Amino acid sequence: MQPKSDRDLAGMVPALLGWFDRSARTLPWRSARGVARDPYRVWLSEIMLQQTTVPHAAPYFEAFTRRWPTVEALAAAADEEVMQAWAGLGYYARARNLLKCAREVSARGGFPVTEKELLTLPGIGPYTAGAIAALAFGERTPAVDGNAERVFSRLLATQEDWAAAKRRIGHIARDLVPASRPGDFAEALMDLGAGVCTPKQPSCGLCPITEYCAAYAEGRPDRYPIKPAKTARPVRYGAAYVLRRKSDVWLIRRPPSGLLGGMLALPSSEWAETRTASDPPVEAGWTSVGEVRHVFTHFALHLDVMVAEARREQLPEGYWAPAEDLAGLPTVFAKAASLAGLNARQRR
DNA sequence: AACACGGGGGA
DNA sequence: TCCCCAGTGTT
């Protein structure tokens, strides 16, 4: 069987939309069928879902919309409140940009309605601009996320370099967006990628568009997309310090940019490529209570967790927080606090 | 074009 | 383990 030419793909649009009408997922940020989507909820959900799974983002979406029901309410929130509410969701630059964006939007009286203008806002890149324009404003723009890239890679059985394939997919997707239902087309592609055209063992038996799929025709859809091999992840070592004073713990706020930027944290040593001598923030009777391991995107961290009772030292910048409520710590420090016997937010 | 940037879940 | 996820911003 011959792979379909790009032109043949046009037929997949009505087939996909028909399938979507029958089996769309119900999600917290989706409006009822036929009801206009709220730009604020579309935007907030799209930011939260960047590189983040639906089950992980969903409770955060509920909490944010309950606490800040409008973009104006979010714009008026204090930075620390928002960073604390985002804790555990990861990629904290998203939270910093979320606030910047909310304040810009609030100041200009609402979200811009075109892909081009949306692209100028902080935290909104090519994918998110297209998604918001299509979902909230009905513009004929594509929303090519990781799901859509995988679906198209299989439809086309892309052989070229993955970067080149993604460029080609972007153009093809843009041409296919139906003028009548751009938002539904975007959600349909996402639902198909998430539930049917999955990375491993895709359920081609449930797929409404196998007729258009070159990878299916080849019999090995799981071989696509063809991506470059990942490089190994190095390990870094360091120590985190839990300084106690009665029922309090000493916390710091990390610098506004970089890893975990702007987040609440335990004081810690530099993170080196080899185990190095302990480097506590103050002199005290430090004892180790064990090690926590945490995996970041581009390195793994082994953190020795040190505990001590405070004496009367001059402390560096920071403040005392109640040990029974350490909500708002990023996961790596929540793990460390937990190991030290403190009640930090910890899933699992 | 390559890298920095979290965290969790599935196979 | 390894891979992936509704990616963006910086260099």
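Our subject is the structure listed above.
Just so you know, these numbers come straight off a predicted model, no measurement behind them. (Residues numbered from 1 in each chain as written. Chains lettered and ligands numbered in written order. Predicted model: local features only at pLDDT ≥ 70, side-chain atom pairs only at ≥ 80, totals over all residues. Heavy atoms only, no water.)

*Asks:* Tell me about the packing of aromatic side chains, and please be specific about residues and values.
*Replies:* This structure, assessed with the given rule, holds ten aromatic pairs. When the ring of Trp43 is compared with that of Phe111, the centres are 5.4 Å apart and the planes differ by 55°; the resulting orientation is tilted. Here Trp43 is found in helix α2 (residues 39-48), whereas its partner Phe111 is found in the loop between α6 (93-107) and α7 (115-118), with 68 residues between them in sequence. Taken as a pair, Trp43 and Phe111 share a single burial class, namely buried. When the centroid spacing of 5.0 Å and the interplanar angle of 70° are considered together, the rings of Trp250 and Trp320 count as edge-to-face. You can see Trp250 sitting in strand β2 (residues 248-253) and its partner Trp320 sitting in strand β6 (residues 319-322), a full 70 residues away along the chain. A residue is classified by how much of its surface remains accessible, and Trp250, at 7% relative accessible area, is buried. Each residue in the set Tyr40, Trp43 and Phe111 is aromatic and connected to the rest through ring pairs, giving one cluster. (Phe/Tyr/Trp six-rings, centres within 6.5 Å; stacked < 30°, edge-to-face > 60°. Helix = DSSP H or I, 4+ residues; strand = E, 2+ residues; numbered from the N terminus. Buried < 20%, exposed > 50% of the residue type's maximum accessible area, 1.4 Å probe, protein only.)

*Asks:* Account for the side chain of Ser45, naming residues and giving values.
*Replies:* Within the secondary structure layout, Ser45 lies in helix α2. Ser45 has contacts with Trp29 and Phe61, leaving out every residue within four places of it along the chain. (Contact = heavy atoms within 4.5 Å.)

*Asks:* Any details on the protein's contact with DNA strand C? Residues and values, ideally.
*Replies:* Taken together, the neighbourhood of DNA strand C is formed by 25 residues, with Glu46, Gly123, Asp145, Asn147 and Arg150 sitting nearest. Counted by atom, the contact set of DNA strand C within 4 Å of the protein is 69% sugar and phosphate. Contacts to DNA strand C include Glu46, whose side-chain N or O atom sits 2.8 Å from a base nitrogen. At the level of secondary structure, the elements contributing two or more residues to the surface near DNA strand C comprise α8 (126-137) and α9 (146-156). Within the surface near DNA strand C, the residues separate by chemical class into ten nonpolar, nine polar and six charged. (Near = heavy atom within 4 Å. Polar contact = N/O pair within 3.5 Å; in protein donor to acceptor, adjacent residues only side chain to side chain. Nonpolar A, V, L, I, M, F, W, Y, C, P; charged D, E, K, R; others polar.)

*Asks:* For the pattern of salt bridges, give the residues involved together with the corresponding values.
*Replies:* Per the counting criterion, the structure on display carries 18 salt bridges. Two residues, Asp222 and Arg220, come together in a salt bridge whose shortest N-O distance is 3.1 Å. On the basis of relative accessible area, Asp222 is assigned to the partly exposed category, the value being 35%. A relative accessible area of 44% places Arg220 in the partly exposed class. Here Arg293 makes a salt bridge to Glu291, at a shortest N to O gap of 3.1 Å. (Salt bridge = Lys/Arg side-chain N within 4 Å of Asp/Glu carboxyl O.)

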